[in-house]
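As a plain string of letters, each chain reads:
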Amino acid sequence: MSLQEIRVAVIGAGMAGKAHAAGYKTAPTVFSGELPPVRLVSIADAYEPLARETARRFGFERFDTSWQAIVDADDIDVVSVVVANALHREIVEALLASGKHVLCEKPLSDTIADAEAMVSAAEASDRVARIGLTYRRSPGIAHIRNLVRSGELGAVLHINGFYWTDYGSNPNAPMSWRYKGPNGSGALADVGSHLTYLAEFIAGSEFSEVRGGQLSTVIGERPRPVGNVVGHEGGAVSDEYEAVENDDIASFSGSFAGGGTATLQVSRVSQGHPNSLGFEVFCERGSAIFDFRSPGQFQIFTPQDSDAGYRTVTLGPHHPYWRGGLAMDAPGVGVGQNEQFVYQARAFLEEVAGVPESESLPRNASFAEGLHNMQLIDAVAESAAEGGRTVDVPALENALL
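Computed from a prediction, not measured in an experiment: that's the story for all the values here.

Caption draft 1: How the structure looks around the sheet that holds strand S6 (residues 129-132). If you walk across this open sheet you meet the 7 strands as S3-S2-S1-S4-S5-S6-S17, and the pairing is mixed. Each end of this open sheet is capped by a strand with a single partner; those strands are strand S3 (62-64) and strand S17 (365-366). Sheet analysis places strand S5 (residues 101-105) next to S6, joined by 4 bridges and oriented parallel. Within the sheet, the bridge partner assigned to Cys104 lies in S6 and is Ile131. Across the sheet, helix H4 (residues 88-97) touches strand S1 (6-11), strand S4 (78-81), S5 and S6, and the angle it forms with S5 is around 165 degrees.

Right, here's the structure in full:
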């Protein structure tokens with residue numbers, strides 16, 4: 001890598017790819033640590049009009065129409081991989097072999113075997129390989145986690161969480177890769193992967209076992225698309241239908257290795273909920289509620305609040321990522337999902353540049369954590385396939401939780 005600049009590319013120009021591109025564009029403007037100049041080189045997507053427009057919109061120098069062009073380029077150091085899960089392994093392995101640093105979208109892959117191979121490739125490489133677990137970057141969520149870790153709320157007894165979305169609620173929406181693959185790779189892997197790592201993040205401990213797994217498919221077939229399908233958007237469809245292969249709704253309970261339990265539910269067919277993530281965590285010395293529909297605040301209850309119930313806390317400069325991480329870092333200034341991609345990109349660029357890790361900007365998760373998340377999802381799917389029985393989750397070593 002050039003010590004004078006960090007040269008960036010993004011593979012995938014859909015909804016999440018745009019979020020990565022915007023994150024890199026803004027990352028140099030947040031926080032005050034030293035960072036080499038960031039050069040936005042290329043956006044790659046097989047759909048040329050989308051690649052061209054995304055590159056123009058976010059200020060990248062050019063666009064490419066294949067991921068191989070990014071692998072072969074000698075003017076790129078850092079690459080985000082934001083494409084269909086089944087493509088991750090081949091692309092990531094090729095990027096690492098070509099000497100590039102990689103930030104991969106979650107889930108790490110679509111099979112445990114491929115994810116294990118990606119972990120091995122990362123361990124064998126001297127490049128930085130990370131997975132983006134963006135909700136860890138939400139100031140409210142990070143602060144609640146700190147309240148647990150510091151002992152102020154005490155040990156976690158139970159977490160009740162949900163992630164409801166409605167992108168799959170229209171039965172006439174076109175078939176896409178999101179509806180392909182076995183049960184466990186639908187809503188559970190898509191939005192459930194976020195909720196599961198957040199539960200572990202809040203508890204400060206990984207799941208040791210899961211039970212009561214339930215997977216449901218309520219829209220059994222979808223029309224084949226005519227043309228390209230971008231992100232969750234609709235589009236023209238044909239008269240031919242294909243079977244949906246995975247889950248629209250998923251739920252399970254589980255136990256943490258460090259104590260405490262959780263009950264989680266996710267859906268992609270919850271009409272009226274475009275992106276509703278929330279949880280309530282019950283601890284030894286109090287409780288907290290977070291709802292991403294109001295990301296600039298959280299609720300907290302402690303014994304001294306017994307007469308008043310939960311009180312609302314407005315986020316501000318004393319909470320994670322706020323001071324120095326927002327252009328206007330005053331109390332009550334809005335923050336949401338887009339900023340999480342900025343903080344993720346900044347942390348990744350700092351690690352690539354060798355900037356020492358700071359308490360205010362922790363590193364991104366490792367590929368090993370991405371593999372663990374997939375093993376957890378796989379255990380839930382196994383529990384569901386076997387009538388809800390209890391299934392052990394492989395232990396995570398060297399966790400960054």
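Now, onward.
Caption draft 2: Region of interest: the side chain of Asp114. You can see Asp114 is positioned in helix H5 (residues 112-124). Those residues in contact with Asp114, other than ones at most four positions away along the chain, are Arg89 and Ser109.

Caption draft 3: Geometry of the packing of aromatic side chains. The tally for this structure, following the rule as stated, stands at 10 aromatic pairs. Ring plane angle 25 degrees and centroid distance 4.2 Å describe the contact between Phe162 and Trp164, whose orientation is recorded as stacked. With 6.1 Å between their ring centres and 55 degrees between their planes, Phe290 and Phe292 make a pair best called tilted. In textbook terms, an aromatic cluster arises when at least three aromatic residues are bridged by ring pairs, as seen for Tyr135, Tyr163, Phe279, Phe290 and Phe292.

Caption draft 4: Focus on the pattern of salt bridges. The tally for this structure, following the rule as stated, stands at 25 salt bridges. Between Glu5 and Arg39 there is a salt bridge, and its shortest N-O distance comes to 3.3 Å. Taken together, the positions of Glu5 in the segment before S1 and Arg39 in strand S2 (residues 38-44) put the pair 34 residues apart, joining distant regions of the chain. Between Asp190 and Arg178 there is a salt bridge whose closest N-O contact spans 3.3 Å. Taken together, the residues Asp190 in helix H7 (residues 187-190) and Arg178 in the loop between strand S7 (156-164) and H7 connect sequence positions 12 residues apart. Note on Arg178: relative accessible area 16%, which makes it buried. What you see here is one network of salt bridges that share partners, running through Glu5, Arg39, Glu61, Arg62, Asp64 and Asp75.

Caption draft 5: Examining the packing of helix H1 (residues 15-26) against helix H2 (residues 48-58) more closely. Running from N to C, H1 and H2 cross one another at 25 degrees; their axes reach a closest spacing of 10 Å. Between H1 and H2, the crossing angle belongs to the class labelled roughly parallel. Where H1 crosses over H2, the handedness of that crossing is right-handed. Packed against H1, whose contacting residues are Lys18, Ala21, Ala22 and Lys25, the element H2 presents Leu50, Thr54, Arg57 and Phe58 at the interface. Here the contact of H1 with H2 is composed, by residue class, of 4 nonpolar, 1 polar and 3 charged.

Caption draft 6: Region of the structure containing the pairing of strand S8 (residues 207-216). Relative to strand S11 (residues 249-256), S8 runs antiparallel, the two sharing 7 bridges. Looking at the pairing, Ser216 lines up with Ile249 of S11.

Caption draft 7: Broad picture of helix H8 (residues 192-203). Taking 1.5 Å per residue, 12 residues should reach 16 Å; H8 reaches 17 Å between its end C-alpha atoms and fits that length. Most of H8 is tucked away: 12 of the 12 residues are buried. Residues of H8 that are buried include every one of Gly192, Ser193, His194, Leu195, Thr196, Tyr197, Leu198, Ala199, Glu200, Phe201, Ile202 and Ala203, and no others. Of the residues trailing H8, Gly204 is marked for its positive phi of about 70 degrees.

Caption draft 8: Structural detail: the environment of Tyr47. Of note, Tyr47 is situated in the loop between S2 and H2. A relative accessible area of 33% means that Tyr47 is categorised as partly exposed. Each C-alpha atom, one on Tyr47 and one on Leu195, is 31 Å from the other, the two residues being 148 residues apart in sequence.

Caption draft 9: Seen up close, the packing of helix H6 (residues 139-149) against H8. Following both chains from N to C, one finds H6 and H8 inclined at 40 degrees, their axes separated by 7 Å at the closest point. The orientation of H6 with respect to H8, classified from their angle, is oblique. Each of Ile141, Ala142, Ile144, Arg145 and Val148 in H6 lies in contact with H8, whose residues at this interface are Leu198, Phe201 and Ile202. Taken together, the residues of the contact of H6 with H8 break down into 7 nonpolar, no polar and 1 charged.

Caption draft 10: Broad picture of the environment of Met118. Considering the arrangement of structural elements, one finds Met118 in helix H5. A relative accessible area of 0% places Met118 in the buried class. Ignoring sequence-local partners within four residues, the contact set of Met118 consists of His88, Arg89, Val92, Glu93, Cys104, Leu108, Ser109 and Phe367.

Caption draft 11: Summary view of unusual backbone geometry. The peptide bond linking Lys106 to Pro107 adopts the cis configuration, its omega dihedral lying at -15 degrees. Position of Pro107 among the secondary structure elements: in the loop between S5 and H5. Positive phi is not limited to glycine here, since Phe31 has a value of about 60 degrees. Of note, Phe31 is situated in the loop between H1 and S2. Given the relative accessible area of 15%, Phe31 is considered buried. Of note, the phi angle at Tyr321 is positive, near 70 degrees, even though the residue is not glycine. Examined against the element boundaries, Tyr321 turns out to sit in the loop between strand S16 (311-314) and helix H9 (337-353).

Cut-offs used in this document
- Residues numbered from 1 in each chain as written.
- Predicted model: local features only at pLDDT ≥ 70, side-chain atom pairs only at ≥ 80, totals over all residues.
- Heavy atoms only, no water.
- Pairing = 2+ DSSP bridges.
- Helix = DSSP H or I, 4+ residues; strand = E, 2+ residues; numbered from the N terminus.
- Contact = heavy atoms within 4.5 Å.
- Axes fitted to C-alpha atoms, helices over the stretch in contact; angles between N-to-C directions.
- Phe/Tyr/Trp six-rings, centres within 6.5 Å; stacked < 30°, edge-to-face > 60°.
- Salt bridge = Lys/Arg side-chain N within 4 Å of Asp/Glu carboxyl O.
- Buried < 20%, exposed > 50% of the residue type's maximum accessible area, 1.4 Å probe, protein only.
- Parallel < 35°, antiparallel > 145°, perpendicular 65-115°, else oblique.
- Left-handed = near helix turned anticlockwise from the far one by under 90°.
- Nonpolar A, V, L, I, M, F, W, Y, C, P; charged D, E, K, R; others polar.
- Expected span 1.5 Å × (residues − 1).

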